[in-house]
Every structure is written in C-alpha cells, then in structure tokens.
Amino acid sequence: MRVRRSIAVAVSVLALAAASACGKSGSPDAAPAGGAAAAKAPAYTVKSGVKLDSSPTWSKAKQKGKLTIGAKADQPFLGFEDLTSNTRTGFDIEIAKMVAADLGFSADQIEWKTINSSNRETAIAGGQVDLYVGTYTINDGRKQQISFGGPYYIAGQDLLVKKDNTTITGPESVSGKNVCTATGSTSAKNITKYGPKVTTYDTYSQCVDKLLNGEVDAVTTDDAILKGYGAKNAGKLKVVGKPFTSEPYGVGLGHDDQALRDAVNEALKAHEDNGDWKKAYDATLGLSGAAAPEVPPLQAY
C-alpha cells in the first residue's frame, strides 16, 4: 500500500473532474520508439481558468501562450524524439503533458527543448525552459540552484540482460562478468565494488548493442532507462529487477517559484489518483514487462 500524499487531494481531484466537462484533450496516443506493440496513453484534460499570477514563470508562459519544457530525446519509452515525425514519446513526456494540462496548456502549447544533462540547472535558472522533465534526480547540490516538484518516480540502478540469462540475478552475481555502462557515469563507480569487468562507451545505446551481440553480459544504469531499452527490444532483453541505489526523479523548476512548485505537485497528485500515472507507465516503460512501482510520496523542495 503506497504512502498517501497530503496535498489538497479533494480539491485537486474535484478540480480535475470539473475541468473534464469543458476542457480539451492534451495528449495524443503514445507511439513506441520501436520493438514493442503500440500502447495507448491517457488523454489529459486541460484545465481552464488556471491562475498562478504569483508565479513569474507561469505568468510569462501564459503571456506567450506556450510552456517551454526541457526533456531528453534519446531514451526510448522514457524521453524520445522521432525526428522524422517531429514527435516526442515516453513516460517522462507523458508526465510533462499531465503537468502542462493542469497548468492550462495543451500538448500543442508545449515547446520542447532538448537540454543536455550538464546544462539543466543553467537552462532552468536562466529561463531557457519553464520546467524540466527528464530522468532528473533530486539531490542536495541541485536544490541549491533550482526547485523540484515530485518525486514522480524512484529509479534505482539495475541490470539489463538477455531474456534467457539466468545467471545474473542482481549486482552480487556479476563478479567476473562483463558489465557495460556510460563513460564517466556514477553507475560505473557503483557497480565496480561487485567485482565485474566494467566496459564503458559514450552512450547507453552502444552498450545495448554490445549486449545484443553478446560482447558484454549486462548493461547497468537507472532502471527507468533500462526499462525503455527493454521495451524497445521486447522478447530479447529484460531488466533483472534488483535495484541497488535510489534515484528520485523530479520536475525541475525555478528556485524561488513556490507557487509553480505547489501547482506541479497538485497536478502530479491528481493524475496519480485518477489512474493517469499508471496508464502512462503501462503504455511506455511497462512495455518492458516490469510492473509499475509504487508512486513515491511528494516532498517539499
């Protein structure tokens, strides 16, 4: 049984229900990034009459008529951009659309920006993006520069292996195995103590290619990222399901914008309560075969 959150539950749910009578759809069906059957993400009703005048970020976005959201573009079923169709799909993308809808912006009113991980705090603090949703771990260092809504997902470092692999059952079973991860990542440091041979490449997609052709025994990073690759390679790969770190993902926003942070948390709460969070997960990361985790309790950041 998951921990209940205490952020205006009744108000959020009633407001969302009322908006559904007069709003419009804020999300198209999610399209998979390849390798798994298509799944339908929920449609998010855009709230009308939202007023967050005490939020400078929201006020500027409302004047422009669009909400600028930073995201990842290379993580299948999590944050992925199809350059051919100019569309974005994945669990993080759905989270962003949920929040945008409750802030009064439809999917068509979202301006997406791909921001590298190293530039996220700068982009938020400098106003290049209004929100950032993209495997963004909440930590003390970042909280000195920005604020977070959420967390909306607790990731943990895990292992991706071939579907028929029965020898790797968790980090304690990788001694002597060849495990691949991204160059310079904390994942490499975390797995080293378990005694594997660690191979690194610039991107996780390179590691996945090496796993598929048998050059490495496993790939390790956050389980959310691994689930995306598992879904893309359904029937070939699987996530072990034994996370050994804790990485709370949050929605990044301006450091002193408490009104916006509170609104983001209310939006997350409402969409968790009405089942949208679970539907979005099932339509994206859930295609990996991994069951939806418990929704984490909101925090004040």
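Computed from a prediction, not measured in an experiment: that's the story for all the values here. (Residues numbered from 1 in each chain as written. Predicted model: local features only at pLDDT ≥ 70, side-chain atom pairs only at ≥ 80, totals over all residues. Heavy atoms only, no water.)

### Description of the sheet that holds strand 12 (residues 237-239)
Stage number 1. As summarised here, the arrangement of the 5 strands in space is 10-9-11-8-12, forming an open sheet in which the pairing is mixed. The outermost strands of the open sheet, each flanked by one partner alone, are strand 10 (197-201) and strand 12. Ignoring which end each strand starts from, the neighbouring axes of this sheet average 30° apart.
Stage number 2. Looking at chain direction, strand 8 (residues 157-162) and strand 12 are connected through 3 bridges and run antiparallel. By the bridge assignment for strand 12, Leu160 is matched with Val239.
Stage number 3. Its contacts with the sheet put helix 8 (residues 223-232) on strand 8, strand 11 (218-222) and strand 12, and the angle it makes with strand 11 is roughly 130°. (Pairing = 2+ DSSP bridges. Helix = DSSP H or I, 4+ residues; strand = E, 2+ residues; numbered from the N terminus. Axes fitted to C-alpha atoms, helices over the stretch in contact; angles between N-to-C directions. Contact = heavy atoms within 4.5 Å.)

### Comments concerning the packing of helix 3 (residues 91-102) against helix 9 (residues 258-273)
Stage number 1. Following both chains from N to C, one finds helix 3 and helix 9 inclined at 115°, their axes separated by 9 Å at the closest point. If you check the angle between helix 3 and helix 9, you find them roughly perpendicular. Here helix 3 runs over helix 9; the crossing is right-handed. Between helix 3, through Ile95, Met98, Val99 and Asp102, and helix 9, the contact on the second element is made entirely by Val264, Ala267, Leu268, Ala270 and His271.
Stage number 2. Counted by class, the contact of helix 3 with helix 9 contains 7 nonpolar, 1 polar and 1 charged residues. (Parallel < 35°, antiparallel > 145°, perpendicular 65-115°, else oblique. Left-handed = near helix turned anticlockwise from the far one by under 90°. Nonpolar A, V, L, I, M, F, W, Y, C, P; charged D, E, K, R; others polar.)

### Describing the nonpolar core
Stage number 1. Counting 55 residues, the largest nonpolar core has Phe91, Leu103, Leu131, Tyr152, Tyr153 and Leu160 as its most contacted members.
Stage number 2. Looking at this core element by element, the count peaks at 7 residues for helix 3.
Stage number 3. Setting aside chain neighbours within four positions, we find Phe91 in contact with Phe77, Leu78, Tyr152, Tyr153, Trp277, Ala280, Tyr281, Thr284 and Leu285.
Stage number 4. One finds Ile115, Ile124, Val129 and Tyr136 within the second-largest nonpolar core, a separate group that totals 9 residues. (Core = buried A, V, L, I, M, F, W, Y, C linked by side-chain atoms within 4.5 Å. Buried < 20%, exposed > 50% of the residue type's maximum accessible area, 1.4 Å probe, protein only.)

### Some details on the layout of surface pockets
Stage number 1. Taken as a whole, the largest pocket holds about 970 Å³ of empty space.
Stage number 2. Lining the largest pocket are 39 residues, with Lys72, Gln75, Ser117, Tyr204 and Ile225 sitting closest to its centre.
Stage number 3. Looking at the lining of the largest pocket, the elements with two or more residues in it are strand 2 (74-75), helix 6 (186-192), helix 7 (204-212), strand 11 and helix 8.
Stage number 4. Examining the composition of the lining of the largest pocket, we find that 5 residues originate from one element, helix 7, more than from any other. (1 Å grid on protein atoms, 1.4 Å probe; cavity = no way out; pocket = protein on both sides within 12 Å on 5 of 7 lines; lining within 4 Å. Points joined across faces, edges and corners; volume = space filled by probe spheres on them.)

### With respect to the pairing of strand 11
Stage number 1. Extensive coverage of strand 11 is indicated by the burial of 5 of its 5 residues.
Stage number 2. Relative to strand 11, strand 8 is paired through 4 bridges, and the arrangement is antiparallel. Bridging from a neighbouring strand, Asp158 pairs with Thr221 of strand 11.
Stage number 3. In the sheet, strand 9 (residues 178-182) pairs with strand 11 via 2 bridges, with the strands oriented parallel. Counterpart to Val179 in the pairing with strand 11 is Ala218.

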